[in-house]
Amino acid sequence: MQQKTDTPFLVDLDILNTHNEKGCKACNRKFSLGDTVVMAYGPWPDEPVKLIHEQEAVFDDNTGAWYEKAYFMKRQGT
Ligand SMILES: [Zn+2]
């Protein structure tokens, strides 16, 4: 049985406090309470995964991970 650590989750106060200084790396907007977010891989040199909005990410079944959309397209070569 696969563990569902890849499930999107909702922004709570704790996430707001720790992430809203930088905001979402995909759209550069701040997070709001109740936003659906995922930990996604992207073209970021400092950290391999970052918290971004679910609608800006795609889930890759092959690797079982989320990717920032533009980054994912690049990896696919399309
Ligand atoms: Zn975003």
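Refer to the structure printed above.
Remember, predicted model here, so these are calculated numbers, not experimental data. (Residues numbered from 1 in each chain as written. Predicted model: local features only at pLDDT ≥ 70, side-chain atom pairs only at ≥ 80, totals over all residues.)

Colleague: An account of the overall build of the protein chain is needed here, citing residue identities and associated values.
Modeller: Per the secondary structure count, the protein chain includes two helices and five strands. For the protein chain, the sequential pattern of α-helices and β-strands runs β-α-β-β-β-β-α. For a compact globule of 78 residues, the expected C-alpha radius of gyration is about 12 Å, and the protein chain comes in at 13 Å, within 12% of that figure. Each of the 78 residues in the protein chain was classed as buried or not, and the buried ones make up 17%. (Helix = DSSP H or I, 4+ residues; strand = E, 2+ residues; numbered from the N terminus. Rg over C-alpha atoms; globule rule 2.2 N^0.38 Å. Buried ≥ 20, exposed ≤ 12 C-beta atoms within 10 Å, placed from the backbone.)

Colleague: Could you give an account of the nonpolar core, with specific residues and numbers?
Modeller: Listed in full, the nine residues of the largest apolar core are Val11, Val37, Val38, Ala40, Leu51, Ile52, Ala57, Trp66 and Tyr67. Contributing elements (two or more residues each) for this core: β2 (36–41), β3 (49–53) and β5 (65–68). The element contributing the most residues to this core is β2, with three residues. Setting aside anything within four residues of it in sequence, one finds Val11 in contact with Leu16, Phe31, Ser32, Leu33, Gly34, Asp35 and Val37. (Core = buried A, V, L, I, M, F, W, Y, C linked by C-beta atoms within 7 Å. Contact = placed C-beta atoms within 7 Å.)

Colleague: With reference to specific residues and values, describe the pairing of strand β4 (residues 57–60).
Modeller: With four bridges joining them, β4 and β5 adopt antiparallel strand pairing. Paired with Val58 across the two strands is Tyr67, which belongs to β5. Where β4 hands over to β5, the hairpin turn is made up of four residues, of which Gly64 adopts a positive phi near 65°. (Pairing = 2+ DSSP bridges.)

Colleague: Would you mind going over the pairing of β5 in detail, with residue names and values included?
Modeller: Taken together, the two bridges between β2 and β5 define a ladder with parallel strand orientation. Paired with Ala40 across the bridge in β5 is Trp66.

Colleague: An account of the environment of Asp35 is needed here, citing residue identities and associated values.
Modeller: By the element assignment, Asp35 lies in the loop between α1 (13–19) and β2. Residue Asp35 is classed as buried on the basis of its C-beta count, with 21 C-beta atoms lying within 10 Å. Filtering out sequence-adjacent residues up to four positions away, Asp35 remains in contact with Val11 and His53.

Colleague: Give me the lowdown on unusual backbone geometry, citing residues and values where you can.
Modeller: We note that Asn28 has phi near 65°; this positive angle belongs to a residue other than glycine. Among the structural elements, Asn28 can be located in the loop between α1 and β2.

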